[in-house]
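Architecture at a glance
Each chain is listed here by its residues.
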Amino acid sequence: MTTVLSTTTEHAAPAVPLQPLLHDEVAIIAAPTQVWSGQDGGIGANPVHGYWTGDQRFVSAIHIEISGTEIESIVTVPSSAREAVFSSLLRGLDQAGADPDVRLDRRRSVRIDGVTEQLQITDRHSEPDTVGDPLTVTVRLTPDAANMDAVKAGAGREPVHANTSGMGASWNAGSARIWLDAPGAVTTVDGDDIVLEWEIRRGRTIEVRWDCTIEAPDAVVAGVTTPRPFDAPEGVVDDRLRRWLDRATDDLDALRLARPEGEFLAAGSPWFFTLFGRDSIWAARFLLPVDTSIAGSTLRVLAALQGQKSDPATAEQPGKIMHELRQASLPIDNEEISLPPLYYGTVDATALWICLLHDTWRAGLPDDEVRALIPSLEAALAWMRDYGDADGDGLLEYVDESGRGLANQGWKDSGDSVQWRDGRLADGPIALCEVQGYAYEAAVHGADLLDAFGVDGGADWRAWAERLAGRFRDTFWVSDSIGSYPAIALDVNKQPVDSATSNIGHLLGTGLLSESEEAVVAARVIAPDMASGYGLRTLSTTAAGYWPLSYHGGSVWTHDTAVVIAGLTRSGHHAAARELAGQLLAAAVAFDFRMPELHAGDAAIDVARPAPYPAACRPQAWSAAAAFPVWIALQH
């Protein structure tokens, strides 16, 4: 949440901190560096604007002035995830006539250790070999040291003092060190700003540039310069799908980060430019039809951080796969919740890690790489039995023991995500339906891996899975006026929380449901109360708490729909998979093929295009990677 920029009077109430809206802003990324700006390239109008490295901002505002004339934006053209050109007119420098004469092209390029900006001024009336009157180009940059969590939670800028030297400057932002180079400019400091000034004789084309280089010695993740290991599939006939796959592949490449054990995909921009267990697993799993290397290295990175001890403060437990890695503690909701730098508060990442290991092995990961992870597999399986099922009832449930962590620890982790059909919130410990599907699949496929690599225990895990399936069948099924379906969860009293949600679609293809039960779920996820026409709603329109702009209570999450599409494909419900795939493809067109984290759940029969969820991240790894399950589904 961030401070709203507004005009107030002496009688106005104090401004309420609000999370910045992102849907109209431009993001250019090369993880861990990102730049957020307006559509015209301007930086400073929105609280999220600026140059960032990881969770640290180092420039919060840039103002450009060219000989006193107004700069009027005409178009923004992204070259790639890492670069864009913002084109404008300088009509104050025109000669007489209707046509514009002078154009400004601002090229912004982002790399893993910095940002370069180049201004190119083109004057059609200047002869190539002559020079005219001088132009003064002035750029004011505001160095900054605000943290991402502070900006999201409502804090403003945190200007810092810069030191100048020759044609450049330097400053610190947190533990990061920044060097600014501006060839040909006179560099001065004016208050909190660095001022760059060029005096240039006018000609056909003139150029100036500045460059920021970052060094962040305490970063817990690093950028990647190796060649991209995956590509968009060839021969895609549908132009819309081809463009989505191309854009998604480019964004995923720019989201690559690394730890010592290998590469993984950062969860998303701007808030989640780091390692997330669940997000990185799903993104890698979606990519398996075209690449196993990211999945293999993601498995190794997560295994290296696998829990070793029981610690309620961090939610760590032996064998557990982590949730989130940060450089420092992360306050949430005005510090009522504070997550430690390495946080394990997720109920599903451990089972999903096992599922990814199995699927990656089946997709061709070399046996030697799989064999090295068998000890981590055994530890993860043991966590499901010994810690995931804390009360011994045969199901996996979660509860925040610290009082400072996430109250909900499935993928829908907001405070109101688990609610009854009448809108009441469920009390924990909570056993989510989809987690039981992940656990069943993990136990069965984990057993397959144990057998294949000569390790004892496979039969025991298959028996454990069958007991879980029986318990699920006895306790989760409910019904409404449309028909029967699994409840989203069991609450503290082991009562089924009876709202119809997208969670049920995650059960498809896990093996937990019988063939007839899968048919019931497949029909429900494409019914009008669930399928919006632009993807699968997180909550049925029949629920009292439904709202199309609710984060987890009626919106459409791209990855969520993609998980269900993949499950429909695996379970043989190809027509339903194609239906939801076509809906996501329609949404991708509306969002210019860079799919956001989530969008509104309004029905396509009522709106010509999906409304953005204004604070949604983009690009986001599992939203971009969702293009691949859509591609697979549309081939069947």
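The following refers to the structure shown. (Residues numbered from 1 in each chain as written. Predicted model: local features only at pLDDT ≥ 70, side-chain atom pairs only at ≥ 80, totals over all residues. Heavy atoms only, no water.)

1. Brief notes about the overall build of the protein
When its secondary structure is counted, the protein shows 14 helices and 29 strands. For the protein, whose C-alpha radius of gyration is 26 Å, the value lies close to the compact-globule estimate of 26 Å for 636 residues. For the protein, the spread of C-alpha atoms along the three principal axes comes to 85 × 60 × 50 Å. Residue burial in the protein is summarised as follows: out of 636 residues, 57% are buried. For the protein, restricting intrachain contacts to residue pairs at least 6 apart in sequence, the fraction spanning at least 24 positions comes to 65%. For the protein, the accessible area works out to roughly 23800 Å², and carbon and sulfur atoms hold 50% of it. Each charge class in the protein was averaged separately, 49 positive and 88 negative side chains, and the resulting centres sit 3 Å apart. (Helix = DSSP H or I, 4+ residues; strand = E, 2+ residues; numbered from the N terminus. Rg over C-alpha atoms; globule rule 2.2 N^0.38 Å. Buried < 20%, exposed > 50% of the residue type's maximum accessible area, 1.4 Å probe, protein only. Contact = heavy atoms within 4.5 Å. Areas by Shrake-Rupley, 256 points an atom, 1.4 Å probe, with all protein chains shown as cover. Lys, Arg positive; Asp, Glu negative; His and termini not counted. Charge placed at Lys NZ, Arg CZ, Asp CG, Glu CD.)

2. What about the packing of helix α5 (residues 349–363) against helix α7 (residues 374–388)?
Two elements in contact, α5 and α7, have axes whose closest approach is 9 Å; the angle formed by their N-to-C orientations is 140 degrees. As the angle between them shows, α5 and α7 are arranged oblique. The handedness of the crossing between α5 and α7 comes out as left-handed. On α7, the residues that touch Thr350, Ala351, Trp353, Ile354 and Leu357 of α5 are Ser376, Leu377, Ala380, Leu381, Trp383 and Met384. Its residues assigned to classes, the contact of α5 with α7 comprises nine nonpolar, two polar and no charged. (Axes fitted to C-alpha atoms, helices over the stretch in contact; angles between N-to-C directions. Parallel < 35°, antiparallel > 145°, perpendicular 65-115°, else oblique. Left-handed = near helix turned anticlockwise from the far one by under 90°. Nonpolar A, V, L, I, M, F, W, Y, C, P; charged D, E, K, R; others polar.)

3. Section: a nonpolar patch on the surface
Together, Ile74, Val75 and Val77 make up an exposed nonpolar region whose accessible area comes to about 230 Å². Structurally, the position occupied by Val77 is in strand β5 (residues 72–80). (Patch = residues over 30% accessible without salt bridge, like charges linked within 9 Å, V, L, I, M, F, W, Y side chains within 5 Å. Salt bridge = Lys/Arg side-chain N within 4 Å of Asp/Glu carboxyl O.)

4. Concerning the sheet that holds strand β26 (residues 489–490)
The three strands are arranged β23-β26-β27 in an open sheet whose pairing can be described as antiparallel. One side of each edge strand has no neighbouring strand; the edge strands of this open sheet are β23 (431–432) and β27 (496–497). Of the strand pairs in this sheet, β26 and β27 are connected by two bridges, and their pairing is antiparallel. Bridge pairing in β27 links Leu490 to Pro496. (Pairing = 2+ DSSP bridges.)

5. Comments concerning the packing of aromatic side chains
Scanning the entire structure with this criterion turns up ten aromatic pairs. Aromatic pair Tyr51 and Phe58: ring centres 5.7 Å apart, planes at 65 degrees, arrangement edge-to-face. Side by side, Tyr51 and Phe58 carry an identical accessibility label, which is buried. On the basis of an interplanar angle of 55 degrees and a centroid distance of 5.9 Å, the ring pair of Trp361 and Phe453 is categorised as tilted. With Trp361 in helix α5 and Phe453 in the loop between α8 (433–452) and α9 (458–475), this pair connects stretches of sequence that are 92 residues apart. (Phe/Tyr/Trp six-rings, centres within 6.5 Å; stacked < 30°, edge-to-face > 60°.)

6. Section: the pattern of salt bridges
Between side chains of opposite charge, a pair can form as their charged atoms come close. Applying the stated criterion to the full structure yields 40 salt bridges. Of the charged contacts, one joins Asp253 and Arg256 as a salt bridge, the two residues approaching to 2.9 Å between their closest N and O atoms. Connected through shared salt-bridge partners, Asp391, Asp393, Glu397, Arg471 and Lys494 make up one network.

7. So, the packing of helix α3 (residues 277–286) against helix α4 (residues 293–304)
In the contact formed by α3 and α4, the axes pass within 9 Å of each other and the chain directions differ by 160 degrees. As summarised for this structure, α3 and α4 are arranged roughly antiparallel, according to the angle between their axes. As for how α3 packs across α4, the hand of that crossing is left-handed. On α4, the residues touching Gly277, Ser280, Ile281 and Ala284 of α3 are Ile294, Ala295, Thr298 and Leu302. By residue class, the composition of the contact of α3 with α4 is five nonpolar, three polar and no charged.

8. Let's talk about empty space enclosed by the protein
For the structure on display, the rule yields four cavities of 30 Å³ or more. In this structure, the largest cavity encloses a volume near 40 Å³. As for the largest cavity, its lining consists of Lys412, Asp416, Ser417, Gln419, Ile488, Ser499, Thr501, Thr538, Leu539, His552 and Gly553. In the lining of the largest cavity, the residues fall into two nonpolar, seven polar and two charged. (1 Å grid on protein atoms, 1.4 Å probe; cavity = no way out; pocket = protein on both sides within 12 Å on 5 of 7 lines; lining within 4 Å. Points joined across faces, edges and corners; volume = space filled by probe spheres on them.)

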